[in-house]
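# Tertiary structure, described
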Amino acid sequence: MNEKTSPSIVKLVAVLAVICIIVSAVLGGINMITYQRIEDIQTEKTNAAFNAVLPADGYTPLEGDFGNGISGIYEADTGHVVQLTIGGAQSNITLAVGVDNDGVVSGVSIIKHGETPGLGAKATEDSFRNQYIGIEGSAALTKAGGTINALTGATITSQAVTDAVNIALDAVANLG
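These remarks concern the structure in this document.

## Observations concerning the environment of Phe128
Among the structural elements, Phe128 can be located in helix α2 (residues 126-129). Judged by its relative accessible area of 2%, Phe128 is buried. The spacing of Phe128 and Leu151 is 23 residues in sequence and 7.6 Å in space, taken between C-alpha atoms. Setting aside anything within four residues of it in sequence, one finds Phe128 in contact with Lys122, Ala123, Ile148, Asn149, Leu151, Ser158 and Val161.

## Concerning the side chain of Thr162
Looking at the element boundaries, Thr162 is found in helix α3 (residues 155-173). Overall, the relative accessible area of 1% leaves Thr162 in the buried class. Leave out the neighbours within four places in its chain, and Thr162 touches Tyr132, Ala139, Ala140, Leu141 and Ile148.

## Some thoughts on the environment of Glu125
Along the chain, the position of Glu125 falls in the loop between β5 (105-112) and α2. Owing to a relative accessible area of 39%, Glu125 belongs among the partly exposed residues under this scheme. C-alpha separation for the pair Glu125 and Ile110, spaced 15 residues apart in sequence, amounts to 9.2 Å.

## Notes on the packing of aromatic side chains
One pass over the full model with this rule turns up three aromatic pairs. An angle of 80° between the planes, with centres 5.5 Å apart, marks the rings of Phe50 and Tyr59 as edge-to-face. The exposure class assigned to Phe50 is buried, which follows from its relative accessible area of 4%. Ring geometry for Phe128 versus Tyr132: centroids 5.6 Å apart, planes at 80°, classification edge-to-face. Tyr132 sits in the buried class, given a relative accessible area of 0%. Among the aromatic side chains, those forming a connected cluster through ring pairs are Phe50, Tyr59 and Tyr74.

## Some details on the pattern of salt bridges
What the rule picks out here adds up to two salt bridges. One salt bridge in this structure joins Arg37 and Glu44, with 3.9 Å as the shortest N-O distance. Taking the relative accessible area as the measure of exposure, Glu44 reaches 48% and is therefore partly exposed. Measuring nitrogen to oxygen at the nearest pair gives 2.3 Å for the salt bridge that ties Arg129 to Asp126. Here the residue Arg129 and the residue Asp126 both occupy positions in helix α2, the gap between them amounting to three residues, near one helical turn. Relative accessible area serves as the criterion here: at 14%, Arg129 is assigned to the buried category. The partly exposed category is assigned to Asp126, whose relative accessible area is 46%.

What counts and what doesn't
Residues numbered from 1 in each chain as written. Predicted model: local features only at pLDDT ≥ 70, side-chain atom pairs only at ≥ 80, totals over all residues. Heavy atoms only, no water. Helix = DSSP H or I, 4+ residues; strand = E, 2+ residues; numbered from the N terminus. Buried < 20%, exposed > 50% of the residue type's maximum accessible area, 1.4 Å probe, protein only. Contact = heavy atoms within 4.5 Å. Phe/Tyr/Trp six-rings, centres within 6.5 Å; stacked < 30°, edge-to-face > 60°. Salt bridge = Lys/Arg side-chain N within 4 Å of Asp/Glu carboxyl O.

This is how it looks when you write it as structure tokens:
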């Protein structure tokens, strides 16, 4: 009788372990090579967002733990920029909200998101974001008696951006 020989489980595990180690080393090497460039691109994108919502020569970070998803409040000669992350429909949304020295929203810029293309991703469009410019006190969607038209099929994303704007307005108002 001729028995079919099969590799032992130890040999299979050893081969799989070697493959995993090689793949991990390659991925780690690629990460080391690209990490700084990715960070630089993110910094450039954030700086562009700050300048879009509140043009200024520079932004000075304020010290403190502001809560509510706020990762920083930056002071400029014309007002403040609040950078924060809030939960959307599909992912977290990181945005910058400019609030001028009169407590009025000067702009909203979405830095990073993972919302559904064609629906929540439309929050990045000027036609949606520009609705917030000029708001003071608080913002609300039209279905809640406000002036902000929600994105069709993306009410959760629309509400998230509106909540973020309100958090930014409150944070700047509470600075004193």
